[in-house]
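# Tertiary structure, described
Read off the chains here:
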Amino acid sequence: MALLLWQTLKEAIHAYTGLSPVVFFTALALAFAIYQVVSGWFASPFDDVRRHQRARSSAAEEAPPVPQPVQVGEITEDELKQYDGSDPQKPLLMAIKHQIYDVTQSRMFYGPGGPYALFAGKDASRALAKMSFEEKDLTWDISGLGPFELEALQDWEYKFKSKYATVGTVKVTSSEAASVSEPAGTDDRDAHVTEQEPTVVDTNHETPAESDVKNE
């Protein structure tokens, strides 16, 4: 049966192409190879997108799941530095106005090599308010900032509260807490009120007119 089919195929190839089966299949393999090369030159850009998507999907599958936030309680600034992302076994933390947030889920931004990595493990309230990346601004001290900078810091605080879990606070002294809190406004009415001294009337003092009457 197989021989009959092969004989029929050879006759058909010779009848339609005039070629022997060996030459026909060699030409067919060569044409297929040329097609593969040429199609690679004119590959659709969507093919690259699909490849990148598959690579990202596989990387996401291989990446370990983000651990649940762990409460650290009240810690010092030095203790907070231990959570700057250098140790992958520890959560990634940063603070705003002494409130500590777990930003482990955004390690690509705040972890080592990320664009905001210098904020990790610190209370960088001043830097966030000023949108500064200078070392001197990586501090909790927001004294002397203007209203626009304080408003920007408040926007950051709202964003972190809505996106990340609060896991603790940075231990501060009373003087530090006072500098972070917004200054209380002064009542303009009280500012203009001055204490008036009571008017003292000297009953023993004689006016010039009374002195002249007595002399007469």
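Residues numbered from 1 in each chain as written. Predicted model: local features only at pLDDT ≥ 70, side-chain atom pairs only at ≥ 80, totals over all residues. Heavy atoms only, no water.

### Some details on the overall build of the chain
Each helix and strand in the chain was counted, giving 10 helices and 4 strands. Going from the N terminus to the C terminus, the chain shows its helices and strands as α-α-α-β-α-β-β-α-α-α-β-α-α-α. The 216 residues of the chain split such that 23% are buried. Of all intrachain contacts in the chain linking residues separated by at least 6 positions in sequence, the fraction that spans at least 24 positions is 56%. (Helix = DSSP H or I, 4+ residues; strand = E, 2+ residues; numbered from the N terminus. Buried < 20%, exposed > 50% of the residue type's maximum accessible area, 1.4 Å probe, protein only. Contact = heavy atoms within 4.5 Å.)

### Brief notes about the confidence of the model for the chain
The predicted model of the chain averages 75 in pLDDT, with 63% of residues at 70 or higher. Taken together, the stretch residues 182–216 has pLDDT below 50 and engages in 3 contacts with residues farther than four places along the chain or on a different chain. (pLDDT = per-residue confidence, 0-100.)

### Quick look at the pairing of strand S4 (residues 165–170)
Moving residue by residue along a regular strand, the side chains alternate between the two faces of the sheet. In the sheet, strand S1 (residues 73–75) pairs with S4 via 3 bridges, with the strands oriented parallel. Within S4, the position partnered with Gly73 by the bridge is Gly168. As defined by bridge partners, strand S3 (residues 99–102) adjoins S4 across 4 bridges and the pair is classed as antiparallel. Residue pairing for S4: Ile100 is matched across the bridge by Gly168. (Pairing = 2+ DSSP bridges.)

### Notes on the packing of aromatic side chains
Within the structure shown, the criterion is met by 8 aromatic pairs. With 6.2 Å between their ring centres and 15 degrees between their planes, Tyr116 and Phe133 make a pair best called stacked. With Tyr116 in the loop between helix H5 (107–110) and helix H6 (125–130) and Phe133 in the loop between H6 and helix H7 (147–163), this pair connects stretches of sequence that are 17 residues apart. Judged by its relative accessible area of 25%, Tyr116 falls in the partly exposed class. Of the aromatic side chains, those joined through ring pairs into one cluster are Tyr101, Tyr110, Tyr116, Phe119, Phe133, Trp156, Phe160 and Tyr164. Against the face of Tyr83 rests Lys90, its NZ or CZ located 5.8 Å from the ring centre. (Phe/Tyr/Trp six-rings, centres within 6.5 Å; stacked < 30°, edge-to-face > 60°. Lys NZ or Arg CZ within 6 Å of the ring centre and 35° of its normal.)

### Considering a nonpolar patch on the surface
Side chains of Leu30, Ile34, Val37 and Val38 sit close together on the surface and give an oily, nonpolar patch of about 340 Å² of accessible area. The residue Val38 is located in helix H2 (residues 21–41) in this model. (Patch = residues over 30% accessible without salt bridge, like charges linked within 9 Å, V, L, I, M, F, W, Y side chains within 5 Å. Areas by Shrake-Rupley, 256 points an atom, 1.4 Å probe, with all protein chains shown as cover. Salt bridge = Lys/Arg side-chain N within 4 Å of Asp/Glu carboxyl O.)

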